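Letter by letter, the chains look like this.
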Amino acid sequence: MRDPNCIFCKIVDGKIPAEKLYEDSHALAFLDLEPRAPGHTLIVPKYHAETLETLPEEDAGPLFSAVKKVAKMLMRGLEADGATIGINQGAAAGQVVGHLHVHVLPRYHSDGGGAIQSVVNNKPKESLGEIKSKILKIT
Ligand code: 5GP
Ligand code: ZN
């Protein structure tokens with residue numbers, strides 16, 4: 001399923017260009033147009049889904065397998081010391097393009113960046129147990 005108005009669907013269909021690094025029947029990886037690190041890559045499912053929640057179950061495993069392959073390619077090809085791997089899911093989390101994509105940012109000891117936890121510091125007022133109860137709806 002593709003959305004004709006979606007920029008990443010257009011990349012999947014080859015209608016707009018991208019620096020592609022990896023492709024299989026379920027996923028495509030290409031370099032981010034505005035990289036925040038050398039080799040900043042996006043991995044997308046070929047199926048148009050806005051978030052993980054709406055991604056068909058059968059596409060979830062292959063997407064993660066593609067992330068694993070691409071992360072390895074980037075680490076080796078760019079001699080990275082590590083990688084930050086993540087999804088901006090929803091506008092509140094910074095998602096701009098409405099087609100699910102996994103960012104892989106090659107990392108270096110000297111790059112001045114932080115850990116993934118540094119994107120937010122919204123410490124909870126409740127205990128971990130209270131939060132767990134909310135999530136699991138235990139009263
Ligand atoms: P997010 O939606 O997670 O905030 O980020 C979207 C990412 O897609 C951004 O990092 C942006 O640079 C990248 N991007 C947006 N449009 C294009 C495009 O047409 N081609 C490529 N290669 N990357 C894009
Ligand atoms: Zn799309």
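The structure under discussion appears in the preceding block.
These figures come from a predicted structure and were not determined experimentally.

### Details of the nonpolar core
Move 1: With 15 residues, the main nonpolar core has I43, L63, V70 and V104 as its most contacted residues.
Move 2: Of all the secondary structure elements, the ones that give two or more residues to this core are β2 (27–31), α2 (57–77) and β5 (102–107).
Move 3: Beyond its immediate stretch of four places on either side in the chain, V70 contacts Y22, A29, T41 and I43.
Move 4: Of all hydrophobic cores here, the second largest spans 9 residues; its members include C6, V12, L28 and V44.

### Some thoughts on the environment of G86
Move 1: Inspection of the secondary structure puts G86 in strand β4 (residues 82–86).
Move 2: The exposure class assigned to G86 is partly exposed, which follows from its relative accessible area of 22%.
Move 3: Considering only alpha carbons, one finds G86 and I116, 30 residues apart in sequence, at a separation of 8.1 Å.

### Some thoughts on the environment of C6
Move 1: Along the chain, the position of C6 falls in the segment before α1 (7–12).
Move 2: We classify C6 as buried; its relative accessible area is 7%.
Move 3: Residues C6 and A71, 65 residues apart in the sequence, show an inter-C-alpha distance of 25 Å.

### Some remarks on the packing of aromatic side chains
Move 1: All told, the structure shown has 1 aromatic pair when counted by the stated rule.
Move 2: Where F8 meets F30, the ring centres are 5.3 Å apart and the plane angle is 75 degrees; that geometry is what we call edge-to-face. Here F30 lies in strand β2 and F8 lies in helix α1, a separation of 22 residues in the sequence.

### Some details on a nonpolar patch on the surface
Move 1: A contiguous nonpolar surface patch, about 220 Å² in accessible area, is contributed by L21, L31 and M73.
Move 2: Inspection of the secondary structure assignment puts M73 in helix α2.
Move 3: Assessed through its relative accessible area of 38%, M73 is described here as partly exposed.

### Observations concerning the pattern of salt bridges
Move 1: Enumeration according to the criterion identifies 4 salt bridges in this entry.
Move 2: Residue R2 is joined to D13 by a salt bridge in which the shortest nitrogen-to-oxygen separation is 2.8 Å. Residue R2 is found in the segment before α1, and its partner D13 is found in the loop between α1 and β1 (20–23); the two are separated by 11 residues along the sequence.
Move 3: Here R2 falls in the partly exposed class, since its relative accessible area comes to 34%.
Move 4: Salt-bridge contacts for K134 lead to E126; the nearest nitrogen and oxygen are separated by 2.6 Å.
Move 5: With relative accessibility at 55%, the residue K134 sits in the exposed group.

Conventions used here
- In this numbering scheme, every chain counts its residues from 1 along its sequence in written order.
- Lettering of chains starts at A and numbering of ligands starts at 1, both following the order in which they are written.
- Residues qualify for local features only when their pLDDT is at least 70, as the model is predicted, and side-chain atom pairs are given and counted only at 80 or more; totals for whole chains, interfaces and linings, by contrast, use all residues.
- As a rule here, side-chain values come from all non-hydrogen atoms in the structure, and water together with hydrogens is ignored.
- In these notes, a set of buried Ala, Val, Leu, Ile, Met, Phe, Trp, Tyr and Cys residues joined through side-chain atoms within 4.5 Å is what counts as a nonpolar core.
- Each residue is placed in one exposure class: buried if its accessible area under a 1.4 Å probe, protein chains only, is under 20% of its type's maximum, exposed if it is over 50%, and partly exposed if it falls in between.
- We count a stretch as a helix when DSSP gives it H or I for four or more residues in a row; a strand needs E for two or more, and each element gets its number in order from the N terminus.
- Should any heavy atoms of two residues lie within 4.5 Å, those residues are considered in contact.
- Classification of ring pairs uses Phe, Tyr and Trp, with its six-membered ring standing for Trp, and accepts pairs whose centres are within 6.5 Å; under 30 degrees between planes counts as stacked, over 60 as edge-to-face, and the remaining range as tilted.
- Only residues whose relative accessible area exceeds 30% and that form no salt bridge are eligible for patches; like-charged ones are grouped when within 9 Å, while nonpolar side chains (Val, Leu, Ile, Met, Phe, Trp, Tyr) are grouped when within 5 Å.
- For every accessible area listed, the method is Shrake-Rupley and the probe measures 1.4 Å; residues are considered covered only by the protein chains on display.
- A carboxyl oxygen of Asp or Glu within 4 Å of a side-chain nitrogen of Lys or Arg is what we treat as a salt bridge.

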